[in-house]
Amino acid sequence: MIHTVKTGETLHQIVRDYRISIQAIINANPTVNPNVIYIDTALYTNANAIIILNVFLIIFYLLNLIMISSRIGELSNDKLLLLSIRSKDGTR
């Protein structure tokens, strides 16, 4: 859930209203300075949102690693094929 900071609100009021800890707000909003919040700042009030984002980023990273490693395997197979063709001809 996202909360938009309104005029006069404090972080303590927000955490009280949502019944969460200040640490949960800090964890869910790592780019926000908890000592100074501004009007119209969007705050995640659910730490699960940041967990979901991190899981997505990990999956994206792993998929990229798989694609890179499979491409390296293709390149290695191409090189081996070229070497075997050259060795049959007797040329290098």
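Before any of the text, the structure's been laid out above.
The following refers to the structure shown. (Residues numbered from 1 in each chain as written. Predicted model: local features only at pLDDT ≥ 70, side-chain atom pairs only at ≥ 80, totals over all residues. Heavy atoms only, no water.)

1. Regarding the environment of Asn 33
Keep this limit in mind: Helix and strand definitions here come from DSSP, where helices need a minimum of 4 consecutive H or I residues and strands a minimum of 2 consecutive E residues; each element is numbered from the N-terminal end. Side-chain atoms alone can form a polar contact between residues adjacent in sequence; in general such a contact is a pair of N or O atoms within 3.5 Å, and within protein one must be able to donate a hydrogen while the other accepts it.
For Asn 33, the location among the structural elements is in the loop between α2 (22–28) and β2 (42–44). In this structure the side chain of Asn 33 is engaged in a polar contact, spanning 2.9 Å, whose partner is the backbone nitrogen of Asn 35.

2. Comments concerning unusual backbone geometry
The following threshold applies: Partly exposed describes any residue whose relative accessible area lies between the buried limit of under 20% and the exposed limit of over 50%, with all areas from a 1.4 Å probe on protein chains only and scaled to the type maximum.
In the Ramachandran plot, Arg 19 falls in the positive-phi region, its phi being about 55° despite a non-glycine side chain. You can call Arg 19 exposed: its relative accessible area is 78%. Backbone geometry places Asp 40, a non-glycine residue, at a positive phi of 75°. With respect to the element layout, Asp 40 can be found in the loop between α2 and β2.

3. Re helix α1 (residues 11–18)
The test is simple: Arc definition: directions from the helix axis to the C-beta atoms. Two residues form a contact once any of their heavy atoms are found within 4.5 Å.
The set of residues buried in α1 consists of Leu 11, Ile 14 and Val 15. For α1, the buried positions fall inside an angular range of 95° around the axis, keeping them on one side. Facing away from the buried surface of α1 by more than 90 degrees, the exposed residues are His 12, Arg 16 and Asp 17. For α1, the elements touching its buried residues are β1 (2–4), α2 and β2.

None of this, on its own, says anything about what the molecule does.
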